[in-house]
Amino acid sequence: MPLVYVSGLEEGYTKKKDKKIVIGNWVVDENIANENFSTNEFFFNSEEKILEFNKYISCLHKKISKNLQLQLNKIHNVNYELKAWQIILDPWLTYYLENNFFRWKLIEGLIEKNDELQFIKFNKLNYDTLFDQNEFNHLISSSSTYNHFFFQKIFSFYEKKSTKIKVINIDKEIPKINNYNYIINDKKISIFKKIYESIIKYISKNSEIYLGINCGARDYLNLCIYLKKIPFKGDSFFLRKNLISIFNLKNTINLNLRKKIELNLDKSIDFENFLSENLFLDLPQIFIEKFQHIKSIANKIPIHPKIILSDIQHIHNTIFKFWIMKSLNQNIKLILSDHGGTYGIGKRAIQFEDDVSYKSIKWHKPIKNNDIQLPVLHLLKYKNYRFKTNKRTKLLLISHDTFKYPKYFSIGPIANQTLKQLFFIKNFSSNLNNEINKNLFVRPYLAHNDWKINEKLKDCNIKAEQVLNKNNDFRLCMKQSRLIVATYPRTAFYESLISGPTILLYESKFYREHKSLSVTMDELKKNKIVFEDPKEAAIHINQNWGNLYQWWNSKDTIEARNSFFTNLALYEDNPFPKWKEFFEKNL
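An account of the accompanying structure is given in this report. (Residues numbered from 1 in each chain as written. Predicted model: local features only at pLDDT ≥ 70, side-chain atom pairs only at ≥ 80, totals over all residues. Heavy atoms only, no water.)

**A few points about the overall build of the chain**
Threshold: Secondary structure elements are taken from DSSP: a helix is a run of H or I of four residues or more, a strand is a run of E of two residues or more, and numbering for both begins at the N terminus. We take the radius of gyration over the C-alpha atoms and set the globule estimate at 2.2 Å times the residue count to the 0.38 power. To sort residues, take the accessible area from a 1.4 Å probe on protein chains only and compare it with the maximum for the residue type: under 20% means buried, over 50% means exposed, and anything in between is partly exposed.
A tally of helices and strands in the chain yields 24 helices and 15 strands. Here the chain has a C-alpha radius of gyration of 25 Å; the compact-globule value for 587 residues is 25 Å, and the two agree. Along the three orthogonal principal directions, the C-alpha set of the chain runs to about 70 × 65 × 45 Å. Each of the 587 residues in the chain was classed as buried or not, and the buried ones make up 59%.

Next up, the structure:
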């Protein structure tokens with residue numbers, strides 16, 4: 001009877017002769033890759049399954065959001081509209097539904113293909129109800145113990161209804177891996193800024209516009225000057241450390257209150273029946289037990305604008321989300337903005353920012369009714385970022401990495417699919433001329449690097465001295481680069497492209513986008529700015545390295561670049577008048 005591996009924690013509880021089925025590619029790593037595993041590849045290679053997945057999640061999300069609005073209003077004796085609740089429910093609700101359904105479908109697929117299956121259940125492995133979306137996002141993406149616990153709940157549900165499942169109960173204590181520290185990566189505030197904000201907050205509390213946008217200090221200041229507004233974000237009000245005392249409160253989960261939450265799901269559908277049994281318990285504490293505590297903090301924030309602009313805080317900052325919730329109840333206009341290059345996320349199941357915002361500022365051409373395209377502030381500092389042409393000698397390759405476990409869907413490679421780039425990098429490097437290869441440097445992605453691309457580069461014939469782990473080394477190399485190669489179509493590619501000769505080497509199948517935007521990427525491909533074959537990219541560089549600008553400044557290449565900075569990331573040397581006009585129109 002085959003044993004299902006879901007996390008790798010199963011090692012030590014199996015025999016070598018046992019047949020093992022890996023439920024997903026994240027389990028296969030350097031520790032157990034030599035075992036004779038079979039792999040389930042649901043979702044990864046089927047456009048039809050991706051569309052079916054996204055459609056179902058979208059419909060389910062709408063149903064549950066509306067029901068939670070009604071239930072939570074009743075529990076907390078408030079009358080918030082749906083948009084206000086969505087601000088704090090999402091992106092947790094989206095991630096929760098996607099991750100549960102993804103894992104559900106994996107198990108369902110295995111049951112359909114096998115007569116019997118074994119699963120190891122660690123009886124003493126348990127997690128209390130999580131605090132907020134940040135704790136969930138951290139654990140679901142990186143913790144093997146939390147993912148095993150997550151799978152256990154699904155297998156336990158199936159065990160009750162299927163004779164195919166045999167659970168092997170293990171009573172041993174399992175140490176939890178990658179637990180969450182609530183103040184990790186909290187925003188650093190300088191002493192000068194603390195003093196400045198402590199004075200300015202009294203002057204700025206009734207400013208008409210709150211500008212929560214990250215575009216660099218100089219461009220933020222310029223935007224404030226155009227809007228005749230004192231620069232002020234009130235960062236100290238929204239620090240996560242302000243929640244530590246609430247986070248550390250005794251986890252007294254009110255089961256009686258939670259059991260009153262009725263989602264009205266279709267229990268004839270197994271997955272919805274599963275959600276009916278689990279979602280009311282899994283709702284983070286900030287929605288139930290800790291709601292009033294955080295609401296009290298948000299109510300004391302002395303900032304009362306008519307417009308709130310946010311590009312990222314509304315996604316992950318719990319206090320900020322509650323402040324928006326309170327402000328929406330006072331009829332402010334919420335305007336949300338892209339915080340980076342977004343190519344390849346257009347076909348996600350849920351785009352909650354578009355649902356909750358009055359206007360949604362996009363880098364790209366508008367897709368939805370409330371979209372508005374404004375010139376990108378973030379790219380201004382990169383226009384003349386590189387040194388003069390005669391001082392550019394290096395070839396810089398910017399790689400990517402991701403989380404160990406599936407977290408995001410339909411926006412890029414999932415789990416160890418990101419390792420495919422190692423094949424790209426090795427083939428790319430091996431096909432470069434020797435003289436060019438001597439000037440090749442690689443910048444690994446270190447923010448989310450569960451697959452340790454930086455450590456595996458040595459297997460691609462990249463020497464340690466060619467790997468730029470320090471940010472200062474990376475930025476200097478970027479300035480000195482004759483050509484930059486990006487391996488994913490997001491912010492780093494946009495920054496590089498505006499700064500000078502750049503190519504994109506990637507797999508388009510992982511970055512699904514609306515046709516109206518993907519045609520621009522097709523133009524770049526036609527003009528040899530975008531490649532999907534590492535050998536072809538290397539040959540192009542070999543042929544043009546001595547005179548890159550003959551290619552880069554050719555008529556067709558310039559037109560393709562202009563198309564990109566019109567359709568996918570609107571660029572203007574002076575974007576501030578259009579931003580001023582936009583705010584004046586919407587006040």
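Next comes the rest of the write-up.
**A word on the pattern of salt bridges**
Quick note on the threshold: In the sections that follow, a salt bridge refers to a side-chain nitrogen of Lys or Arg positioned within 4 Å of a carboxyl oxygen of Asp or Glu.
Applying the stated criterion across every chain yields a total of 17 salt bridges. For the salt bridge of Glu507 with Lys420, the shortest nitrogen-to-oxygen distance reads 3.1 Å. Here Glu507 is found in the loop between strand E14 (502-505) and helix H20 (515-526), whereas its partner Lys420 is found in helix H15 (residues 420-430), with 87 residues between them in sequence. Overall, the relative accessible area of 34% leaves Lys420 in the partly exposed class. With a shortest N-O distance of 2.8 Å, Glu559 and Lys555 are connected by a salt bridge. Highlighted residues: Glu559 and Lys555, both in helix H23 (residues 555-567), separated by four residues, approximately one helical turn.

**Re the packing of aromatic side chains**
Here is the rule we go by: Pairing of aromatic rings covers Phe, Tyr and Trp, the last through its six-membered ring, and needs centres within 6.5 Å; plane angles under 30 degrees mean stacked, over 60 mean edge-to-face, and all others mean tilted. Note on criteria: charge over ring means Lys NZ or Arg CZ within 6 Å of the ring centre, with the direction from the centre no more than 35 degrees off the ring normal.
This structure, assessed with the given rule, holds 53 aromatic pairs. Centroid distance Trp85 to Phe291: 5.3 Å. Interplanar angle 25°. Geometry classified as stacked. A residue pair is termed long-range when its members are at least 10 positions apart, and Trp85 in helix H2 (residues 82-89) and Phe291 in helix H11 (residues 291-299) qualify at 206 residues. Judged by its relative accessible area of 0%, Trp85 is buried. An aromatic cluster is present here, built from Trp26, Phe53, Tyr56, Phe101, Phe102, Trp104, Phe157, Tyr158, Phe271, Phe274, Tyr405 and Phe409 joined pairwise through their rings. In this arrangement the basic side chain of Lys176 is found over the ring face of Tyr127, its NZ or CZ atom lying 4.2 Å from the centre. One residue, Lys359, lies across the ring of Tyr358, its end atom 5.8 Å from the ring centre.

**A few points about the packing of helix H3 (residues 92-113) against helix H4 (residues 133-142)**
This is how it is decided: Axes, fitted as lines to C-alpha atoms, cover a helix only where it is in contact. Angles between the N-to-C directions of the axes lie from 0 to 180 degrees. Comment on the angle field: the value is read as roughly parallel under 35 degrees, roughly antiparallel over 145, roughly perpendicular from 65 to 115, and oblique elsewhere. Should the near helix be turned counterclockwise from the far one by less than a right angle, the crossing is left-handed, whereas a clockwise turn marks it as right-handed. Contact definition: two residues touch when any of their heavy atoms are within 4.5 Å. Polarity classes work like this: nonpolar for Ala, Val, Leu, Ile, Met, Phe, Trp, Tyr, Cys and Pro, charged for Asp, Glu, Lys and Arg, and polar for all others, with Gly in that last group.
Across the interface, H3 lies against H4 with an axial gap of 10 Å and an inter-helix angle of 30°. Considering their axes alone, H3 and H4 lie roughly parallel with respect to each other. For the crossing formed where H3 meets H4, the hand is left-handed. Between H3 and H4, the residues in contact are Trp92, Tyr95, Tyr96, Asn99 and Arg103 and Gln133, Phe136, Asn137 and Ile140, respectively. Taken together, the residues of the contact of H3 with H4 break down into five nonpolar, three polar and one charged.

**Comments concerning unusual backbone geometry**
The omega torsion of the bond from Asp90 to Pro91 falls at 10°, within 30 degrees of zero and hence cis. Among the structural elements, Pro91 can be located in the loop between H2 and H3. Phi angles above zero are rare outside glycine, and Lys452 is one such case at about 50°.

**Thoughts on the environment of Asn553**
Structurally, Asn553 is set in the loop between helix H22 (548-552) and H23. As a C-alpha pair, Asn553 and Pro501 span 52 residues in sequence and 9.3 Å in three-dimensional space. If we ignore the near neighbours within four places in the chain, the residues touching Asn553 are Ile558 and Arg561.

**What about the pairing of strand E4 (residues 117-122)?**
The cut-off we apply is this: We treat two strands as partners when DSSP finds at least two bridges between them.
Judged by how many residues are buried, E4 sits mostly within the fold: five of six residues are covered. By the bridge criterion, six bridges tie E4 to strand E5 (residues 165-170) in an arrangement that is parallel. Considered in E5, the bridge of Lys121 is made with Asn169.

**Notes on the sheet that holds strand E7 (residues 307-310)**
Taken in spatial order, the five strands line up as E6-E7-E8-E9-E10 in an open sheet, and their pairing is parallel. At either end of the open sheet lies a strand with only one pairing partner, and these are strand E6 (209-212) and strand E10 (371-373). Averaged over neighbouring strand pairs, the angle between their axes works out to 20° when direction is ignored. Pairing geometry for strand E9 (residues 359-362) and E10, over three bridges, is parallel.

**With respect to the sheet that holds E14**
Strand order in the open sheet formed by five strands is E12-E11-E13-E14-E15, with parallel pairing between adjacent strands. Of all strands in the sheet, those bounded by a partner on one side alone are strand E12 (440-443) and strand E15 (530-531). Bridge count for strand E13 (residues 481-486) against E14 is three bridges, and the pairing is parallel. Residue pairing in the sheet places Ala486 in a bridge with Leu504 of E14. Along the sheet, helix H18 (residues 471-479) contacts strand E11 (394-398), E12 and E13; its crossing angle with E11, the most-contacted strand, is approximately 130°. Taken strand by strand, helix H21 (residues 534-544) contacts E11, E13, E14 and E15, and its axis lies near 165° from that of E14.

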